[in-house]
Amino acid sequence: MHVEDLRWFVVLAEAEHLTAAAAVLGTSQPNLSRSLRRVETAFGVPLFEREHRGLRLNPYGRIVLEAARASTTAVDAARQRIDTLVDPDSGTVRLAFLYSVATGVVPDLLKAFREVAPTVSFALREQPSHDIVLDLSTGESELGITGPRPDPAVFGWHLLQRQRLCLYVPPGHPLAKRQRVDLAEAADEPFIGMRPEFGFRRLTDELCQAAGFTPSVAFEATDLTIVDRLVGAGLGVAVLPGGAVRGTESGATPVPLAGVRARRDIGLSWRLRGTLSPAAERFRAFVVAQPASNFASSPG
């Protein structure tokens, strides 16, 4: 039994006549009879009383008619919703992104895309990098703006922004007036960092290890803005992307880190073996086609 069998059953139940129902459906009587047999076989009981003038629903048939109407209505509604979602002009893009790009890269991209696709909608998820990668793997999100780059064997990647990393120091700190600083000079300072499961924390730890020390972490947070404010309060120093924390007046001073590794790459990622919805593919293609200068670097 198929959904169309239930749809035909509703028409037959309302017409109570095989010939009339077949004419409405634009099919032959044998086809309609076979469809009815599939429905009756599925439920295991006859659904009509056969009369010389036509057909009449029996009690079983009335139960099935109620269910068939509800089922076909639900299926039609689901089809309509899916058609809307997969329409490249009016679908929905499921996009996950890092907290730290919520006030920069993401609004800029969405504003630019809205100019060419004003009716496409977005389901946005603000998450740490490890959750973004997980959601891309499961299909919960179709696209992710994250960093560092996830496994290239599994995920596609398009670089959006290369962020210069800075050592953020409290107001009046001896390093605050420097033009550039080696991270090793902060080895004895208390550090404020992200929680260990965050990709940015791993990046910070790797930079400190490369500088020859293990940071003494005094405070851990889940948001770069909180880290910035704790530094501004004089509670320690932190490695943060230059210009990534906007709209705050913490008083913390960013001093660019020396070294070519003192950067973080932010990019658009997607699962290579997955299939993007038309709207998501349209957004991905739009982002990839943007001039590199639009999002290639950040202040600092």
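Residues numbered from 1 in each chain as written. Predicted model: local features only at pLDDT ≥ 70, side-chain atom pairs only at ≥ 80, totals over all residues. Heavy atoms only, no water.

(A) A look at the pairing of strand S1 (residues 48-51). For S1 and strand S2 (residues 54-57), the ladder comprises 4 bridges, and the chain directions are antiparallel. In the strand pairing of S2, Phe48 is matched with Leu57. Hairpin remark: S1 followed by S2, antiparallel, with 2 residues in the connecting loop. (Pairing = 2+ DSSP bridges. Helix = DSSP H or I, 4+ residues; strand = E, 2+ residues; numbered from the N terminus.)

(B) Representation of helix H1 (residues 3-15) within the structure. The end-to-end C-alpha separation of H1 is 19 Å, in line with the 18 Å expected for 13 residues at 1.5 Å each. Within the sequence span of H1, burial applies to Asp5, Leu6, Phe9, Val10, Val11, Leu12 and Ala13. After H1 finishes, the residue Glu16 shows a positive phi value of roughly 55°. (Expected span 1.5 Å × (residues − 1). Buried < 20%, exposed > 50% of the residue type's maximum accessible area, 1.4 Å probe, protein only.)

(C) Region of interest: helix H9 (residues 278-289). When the terminal C-alpha atoms of H9 are compared, their 16 Å separation across 12 residues agrees well with the 16 Å that a helix rising 1.5 Å per residue should span. All of the buried residues along H9 are Ala279, Ala280, Phe283, Arg284, Phe286 and Val287. All buried residues of H9 lie within an arc of 160° about the axis, which places them on one face of the element. (Arc of directions from axis to C-beta.)

(D) Molecular detail of the pattern of salt bridges. Under the defined criterion, the tally for this structure stands at 16 salt bridges. A salt bridge links Arg50 to Glu40; its shortest N-O distance comes to 3.5 Å. Taken together, the residues span a long stretch of sequence, with Arg50 in strand S1 and Glu40 in helix H3 (residues 29-43) at a distance of 10 residues. Here the residues in one salt-bridge network are Glu4, Arg7 and Asp76, joined through shared partners. (Salt bridge = Lys/Arg side-chain N within 4 Å of Asp/Glu carboxyl O.)

(E) Spatial organisation of the environment of Ala96. In this structure, Ala96 sits in strand S3 (residues 92-97). Take Ala96: its relative accessible area is 0%, and that puts it in the buried class. As for Ala96 and Pro171, which are separated by 75 residues in sequence, their C-alpha atoms are 34 Å apart. Every residue in contact with Ala96, bar those within four places of it in the chain, is listed here: Arg125, Gln127, Ile132, Ser141, Leu143, Gly144 and Ile145. (Contact = heavy atoms within 4.5 Å.)

(F) Up close: the side chain of Ser250. Residue placement: Ser250 occurs in the loop between strand S9 (238-241) and strand S10 (253-256). At 2.9 Å, the side chain of Ser250 forms a polar contact with the side chain of Asp228. A polar contact of 3.1 Å, which involves the side chain of Ser250, links it to the backbone nitrogen of Ala252. When neighbours within four sequence positions are excluded, Ser250 is seen to be in contact with Asp228, Arg229 and Gly232. (Polar contact = N/O pair within 3.5 Å; in protein donor to acceptor, adjacent residues only side chain to side chain.)

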